[in-house]
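So you can see what is in the structure, the chains are spelled out below.
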Amino acid sequence: MKLRVLVLISTAVSLTSVAQQDPQQLADAELPSLLTVYKDIHAHPELSTQEQRTAALLAKELRAVGCDVTENVGKYETANQKCYGVVGVMKNGDGPVVLVRTDLDALPVQEETGLPYASKVVTKNEKGDDVPVMHACGHDAHVSILIGVARSLAKLKDQWRGTIVFVGQPAEELGTGARAMLRDGLYTRWPKPNFALGFHDKADLEINHIGVTEGYTSANVDSVDVTVHGIGGHGAYVHRTKDPIVLAAEIINQWQTIASRETNPLDPIVVTVGSIHGGTKHNVIPNEVKMQLTVRTYKADVREHVLAAIERIAKGCATAAGLPPDKMPTVTVARDQFAPAMYNNPDLTKRLFAVWKKALGGQNVEMVDPTMGGEDFSEYSLLPEHSIPAVNFHVGAVDPAKMAESKKPGASPLPTLHSSKFAPVPEPTIRTGVVAMTAAVLDLMKK
Ligand SMILES: [Zn+2]
Ligand SMILES: [Zn+2]
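As a starting point, this report considers the structure included with it. (Residues numbered from 1 in each chain as written. Chains lettered and ligands numbered in written order. Predicted model: local features only at pLDDT ≥ 70, side-chain atom pairs only at ≥ 80, totals over all residues. Heavy atoms only, no water.)

Let's talk about the nonpolar core
Thinking step 1. Core analysis: the biggest nonpolar cluster contains 62 residues, and Phe166, Leu197 and Trp356 have the highest contact counts within it.
Thinking step 2. Ranked by residue count, the leading element in this core is helix α10 (residues 426-444), at ten residues.
Thinking step 3. In contact with Leu197, not counting residues within four places along its chain, are Val98, Leu99, Val100, Arg101, Leu348, Leu352, Phe377, Val391, Met437, Ala440, Val441 and Leu444. (Core = buried A, V, L, I, M, F, W, Y, C linked by side-chain atoms within 4.5 Å. Buried < 20%, exposed > 50% of the residue type's maximum accessible area, 1.4 Å probe, protein only. Helix = DSSP H or I, 4+ residues; strand = E, 2+ residues; numbered from the N terminus. Contact = heavy atoms within 4.5 Å.)

Okay, structure coming up:
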């Protein structure tokens, strides 16, 4: 008799767990609540390093599903600057450690989506100027997805073992947030992960789809400031000057030979001069020209070569123009703003690709091309060796009808990430993100 009761109880338990086994069903059940969370975060965006409200919301949600949560994690290089990193640890016995990360921050963009929950927020930036704020990169969807994943995995504890470290990262848009959290002991005060997983919505991938790239997926991003010095004077008495504008033009053209003649053509390189300023009047040759460059590469050795070549070429051109040693161009690399290239571990990418095909349907999972964009999630793989296998995947965010429309001749292009008109279609983007991440974690931590 006793035995029969036991059998009945265990049948009931296993029936319950069968009903809960499916990440899709769990995502569907959570969707209405996650949508409310999403709209709330979307309407209350916060600039990089100011993510107080968003971090508090995430911390509360992670506590509600049983995580051990620490707030204000992170140390920026600027002393005493508060950092709103969140770490939530979900433990379920012995087993692997998996890190799951969302970013938290929004951008200084005036929203033009026309959505009923559009942001009307204006806030002060770090210079004290009033700026509009918008979640134009979809990090609001990321936070909602992470909450959905935490809720799902809390209900699926019979299917996995180990420790999940949920990370809410500030200041992704500055490229400083991941380093700030690692500097504050993310891998020493909390368990160091065996795998690190991140995700980003994609403004040119349709909803219900996941995209991933094997190997390098986003580029090293460096910001470089260059001042070209000259000897100013009258615009007509050129022989008594050294014109920094002609010299700057020469240098810019020579920089393009770094990619075309100095490095392996199979290594992608971008050297973009995004800003150039010099002079005040038609007939005055100025004393200097100032330029701001964004430099994109993939490999560490290629990056160092390109940064060195930028300085060598600038100085070489100045020498050829007859400038004295004390008037060589000044080249400054803003090393604190560096975002390293993202490298998706090939074995882990292949493994998850198969998992996602099963969870989302084969036709909804695709390999996508890498880009020269930037993403500081790469820091979690531990540089420079990428010793922790990491994958950052894309979640489709675009209505297929709008995507088809944009491909017609003469049609306007789809809004890109950071556009005042960009917003993901929330329900399917969040649902797909929750299913994909939950399925990935379950596979890496399965009992
Ligand atoms: Zn962004
Ligand atoms: Zn982003």
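Thoughts on the packing of helix α3 (residues 52-64) against helix α4 (residues 139-155)
Thinking step 1. One way to put it is that α3 packs onto α4 with a least axis distance of 10 Å and a crossing angle of 10°. Here α3 lies roughly parallel to α4, going by the angle between them. Contacts between α3 and α4 pair Thr54, Leu57, Leu58, Glu61 and Leu62 from the former with Val143, Leu146, Ile147, Ala150 and Arg151 from the latter.
Thinking step 2. Considering only residue class, the contact of α3 with α4 consists of seven nonpolar, one polar and two charged. (Axes fitted to C-alpha atoms, helices over the stretch in contact; angles between N-to-C directions. Parallel < 35°, antiparallel > 145°, perpendicular 65-115°, else oblique. Nonpolar A, V, L, I, M, F, W, Y, C, P; charged D, E, K, R; others polar.)

Concerning the state of the cysteines
Thinking step 1. Inspection of the entire model under this criterion finds zero disulfides.
Thinking step 2. Summary of cysteine pairing: Cys67 is not part of a disulfide, and the nearest cysteine sulfur, belonging to Cys83, is at 19 Å. (Disulfide = S-S within 2.5 Å.)

Re the sheet that holds strand β8 (residues 210-212)
Thinking step 1. Pairing within the open sheet is mixed, and its eight strands lie in the order β1-β2-β6-β3-β7-β18-β8-β17. Of all strands in the sheet, those with a lone pairing partner are β1 (68-73) and β17 (365-367), marking the two edges. Direction aside, neighbouring strands of the sheet carry axes that sit 25° apart on average.
Thinking step 2. Relative to β17, β8 runs parallel, the two sharing three bridges. Paired with Ile210 across the bridge in β17 is Val365.
Thinking step 3. Of the strands in this sheet, β1, β2 (85-92), β3 (97-103) and β6 (162-169) are in contact with α3, which crosses β1 at around 165°.
Thinking step 4. Sitting on the sheet, helix α8 (residues 346-360) touches β7 (195-206), β8, β17 and β18 (390-398), and the angle it makes with β17 is about 150°. (Pairing = 2+ DSSP bridges.)

Describing the packing of aromatic side chains
Thinking step 1. For the structure on display, the rule yields six aromatic pairs.
Thinking step 2. Relative to Tyr298, the ring of Tyr216 lies with its centre 5.2 Å away and its plane at 40°, an arrangement referred to as tilted. Linking Tyr216 in strand β9 (residues 215-218) with Tyr298 in the loop between β14 (288-297) and α7 (300-320), this pair joins segments that are 82 residues apart in sequence.
Thinking step 3. On the accessibility criterion, Tyr298 (9% relative accessible area) is buried.
Thinking step 4. Taken together, the aromatic side chains of Phe199, Trp356 and Phe393 make up a single cluster linked through ring pairs.
Thinking step 5. The ring of Phe338 carries Arg303 above its face, with NZ or CZ at 3.5 Å from the centroid. (Phe/Tyr/Trp six-rings, centres within 6.5 Å; stacked < 30°, edge-to-face > 60°. Lys NZ or Arg CZ within 6 Å of the ring centre and 35° of its normal.)

Some points on the coordination of the zinc ion (ligand 1)
Thinking step 1. Around the zinc ion (ligand 1), the protein contributes the donor atoms Cys137 (SG), Glu173 (OE), Glu173 (OE) and His418 (NE2), which lie 2.0 to 2.7 Å from the metal centre.
Thinking step 2. Classification of the site at the zinc ion (ligand 1) rests on its four donor atoms, whose angles at the metal span 53 to 150°, yielding the label irregular.
Thinking step 3. Donor residues for the zinc ion (ligand 1) sit on one chain with the sequence pattern C-x35-E-x244-H.
Thinking step 4. For the pair the zinc ion (ligand 1) and the zinc ion (ligand 2), the metal-to-metal distance amounts to 3.1 Å, and Cys137 bridges them. With Cys137 in the loop between β5 (130-132) and α4 and His418 in the loop between α9 (400-406) and α10, this pair connects stretches of sequence that are 281 residues apart. (Donors = N, O, S within 2.8 Å, 3.2 Å for Na, K, Ca; no water. Tetrahedral: all angles 85-135°; square planar, octahedral: opposite > 155°, others 65-115°.)

Structural notes on the coordination of the zinc ion (ligand 2)
Around a metal, the idealised angle for a tetrahedral arrangement of four donor atoms is 109.5 degrees; for an octahedral arrangement of six donor atoms it is 90 or 180 degrees.
Thinking step 1. The protein atoms donating to the zinc ion (ligand 2) are Cys137 (SG), His139 (NE2) and His200 (NE2), with metal-donor distances spanning 2.0 to 2.3 Å.
Thinking step 2. Spacing between the donor residues of the zinc ion (ligand 2) along the chain follows C-x1-H-x60-H.
Thinking step 3. Taking the relative accessible area as the measure of exposure, His139 reaches 0% and is therefore buried.

Describing the packing of helix α2 (residues 23-43) against α3
Thinking step 1. Look at α2 against α3: their axes get within 10 Å of each other, and the N-to-C directions meet at 160°. One finds that α2 runs roughly antiparallel with respect to α3. The handedness of the crossing between α2 and α3 is right-handed. Every residue of α3 that contacts α2 at Val37, Asp40 and Ile41 is listed here: Arg53, Thr54, Leu57 and Glu61.
Thinking step 2. Residue classes in the contact of α2 with α3 are distributed as three nonpolar, one polar and three charged. (Left-handed = near helix turned anticlockwise from the far one by under 90°.)

Examining the pattern of salt bridges
Thinking step 1. Under the defined criterion, the tally for this structure stands at 27 salt bridges.
Thinking step 2. With its nearest N and O atoms 3.2 Å apart, the salt bridge here joins Lys350 to Glu214. Separated by 136 residues along the polypeptide, Lys350 in helix α8 and Glu214 in the loop between β8 and β9 bring together distant segments of the chain.
Thinking step 3. The class for Lys350 is partly exposed, based on a relative accessible area of 45%.
Thinking step 4. We classify Glu214 as partly exposed; its relative accessible area is 36%.
Thinking step 5. Residues joined in a network through salt bridges with shared partners are Glu30, Glu61, Arg151 and Lys155. (Salt bridge = Lys/Arg side-chain N within 4 Å of Asp/Glu carboxyl O.)

Here's the deal with the environment of Arg179
Thinking step 1. Along the chain, Arg179 turns up in helix α5 (residues 177-183).
Thinking step 2. Along the primary structure Arg179 and Val131 are separated by 48 residues, whereas in three dimensions their C-alpha atoms are 26 Å apart.
Thinking step 3. With residues near it in sequence (within four places) discarded, Arg179 still touches Arg335, Asp336, Gln337, Phe338, Pro340 and Glu379.
Thinking step 4. There is a polar contact of 2.8 Å between the side chain of Arg179 and the backbone oxygen of Phe338. (Polar contact = N/O pair within 3.5 Å; in protein donor to acceptor, adjacent residues only side chain to side chain.)

Some thoughts on the sheet that holds β14
Thinking step 1. Taken in spatial order, the four strands of this open sheet run β12-β14-β10-β15, and their pairing is antiparallel. At either margin of the open sheet sits one strand with a lone partner, and together these are β12 (270-278) and β15 (330-333). Between one strand and the next, the sheet's axes are offset by a mean angle of 20°, whatever the strand orientation.
Thinking step 2. In terms of strand pairing, strand β10 (residues 220-229) meets β14 through ten bridges, oriented antiparallel. Its bridge partner being in β14, Asp222 is matched across the sheet by Val295.
Thinking step 3. Across the sheet, α7 touches β10, β12, β14 and β15, and the angle it forms with β14 is around 165°.

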